[in-house]
Structures are given as C-alpha cells and as structure tokens.
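# Chain and residue survey
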Amino acid sequence: MPYAPLLTEAEIAEGLRALPEWARDGDTIVRTVECPTFRAAIELVDRVADAAEEANHHPDIEISWRRVTFRLTTKASHGLTGKDMAMAGAIDRLAPDR
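Small disclaimer: the values here were computed from a predicted structure and weren't measured.

## Observations concerning the nonpolar core
Of all hydrophobic cores here, the largest spans 23 residues; its most connected members are Trp 22, Ile 29, Cys 35, Phe 70, Leu 72 and Ile 91. Sorting the residues of this core by element identifies helix H1 (9-17), strand E2 (28-34), helix H2 (38-55), strand E4 (67-72) and helix H3 (82-94) as the ones contributing at least two each. The leading source of residues in this core is H2, at six residues. With residues up to four places along the chain from it excluded, the contact list for Phe 70 reads Trp 22, Ile 29, Val 30, Arg 31, Val 33, Leu 44, Val 48, Pro 59, Asp 60, Ile 61 and Ile 91.

## What about the pairing of strand E3 (residues 60-64)?
Two elements, E3 and E4, share five bridges in a ladder whose sense is antiparallel. Each bridged residue has a counterpart across the sheet, and for Asp 60 the counterpart in E4 is Arg 71. What sits between E3 and E4 in their antiparallel hairpin is a turn of two residues, with Trp 65 showing a positive phi close to 55 degrees.

## Focus: the sheet that holds E4
Reading across the sheet, the four strands line up as E1-E2-E4-E3 and stay open at both edges, with antiparallel pairing between neighbours. Two strands bound the open sheet, and with one partner strand each, they are strand E1 (23-25) and E3. The average angle at which neighbouring strand axes cross in this sheet is 25 degrees, direction not considered. With respect to the sheet, H2 is in contact with E2, E3 and E4, its orientation differing from that of E3 by roughly 170 degrees.

## Quick notes on the pattern of salt bridges
For side chains bearing opposite charge, pairing can occur when the charged atoms are close. Across all of its chains, the model carries six salt bridges by this definition. A salt bridge links Asp 92 to Arg 31, with the nearest nitrogen and oxygen atoms 2.5 Å apart. With Asp 92 in helix H3 and Arg 31 in strand E2, the pair connects residues that are 61 residues apart, well separated along the chain. Residue Asp 92 is classed as partly exposed on the basis of its relative accessible area of 22%. The exposure class assigned to Arg 31 is buried, which follows from its relative accessible area of 2%. Among the ionic contacts, a cluster of salt bridges with common partners joins Glu 34, Arg 66 and Arg 67.

Thresholds applied
- Residues numbered from 1 in each chain as written.
- Predicted model: local features only at pLDDT ≥ 70, side-chain atom pairs only at ≥ 80, totals over all residues.
- Heavy atoms only, no water.
- Core = buried A, V, L, I, M, F, W, Y, C linked by side-chain atoms within 4.5 Å.
- Buried < 20%, exposed > 50% of the residue type's maximum accessible area, 1.4 Å probe, protein only.
- Helix = DSSP H or I, 4+ residues; strand = E, 2+ residues; numbered from the N terminus.
- Contact = heavy atoms within 4.5 Å.
- Pairing = 2+ DSSP bridges.
- Axes fitted to C-alpha atoms, helices over the stretch in contact; angles between N-to-C directions.
- Salt bridge = Lys/Arg side-chain N within 4 Å of Asp/Glu carboxyl O.

So this is what it looks like as structure tokens:
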C-alpha cells in the first residue's frame, strides 16, 4: 500500500485554519485538552482510541491528570498528511466543549 502524500505548506496552513485548537510543531500537529476529571480524560482517550483504530491512524497520546495531549504525524510518510488533519477533526468532535 502506498504511503499517504505529504501536505504542502499551504495545505498545512489551510488545514490548521480549520482546526484552531491545533498547533504545528515541526512535522506534527498538537492539541492539549483539559478534561473536568481524570476519569473524563481516560474516557476521552478511550473514544479517541476507537476512532484511531477505525481510521487506522494513531496519535501519540500523553495523559497528565486531567490534561490529554494529542500529537499527530504520519510516521510512514515522515510528515503531515491528510490523515493527520482528518484525525485531528475526529479528535475535536470527541473532545469536551471548551
């Protein structure tokens, strides 16, 4: 199966305009979500895990009490692809309202 094509700088900028909670960090995009409780943070991670399995695209996830940080990149392509933007949108839909 071929690797997902890397996004251009313009495509990355356009994608991030549609994902205002996300920030670029080199070849990754990052978002931290503050949940109301530790249990809610774990439940969010569980929902994201289900979505990641369905999409076959898995974020790096760091949990620190009520804070969950998601980091996306397409490792096989060595950078950002449409898969990352799509998974970021899925995470946004699953994350609690701010």
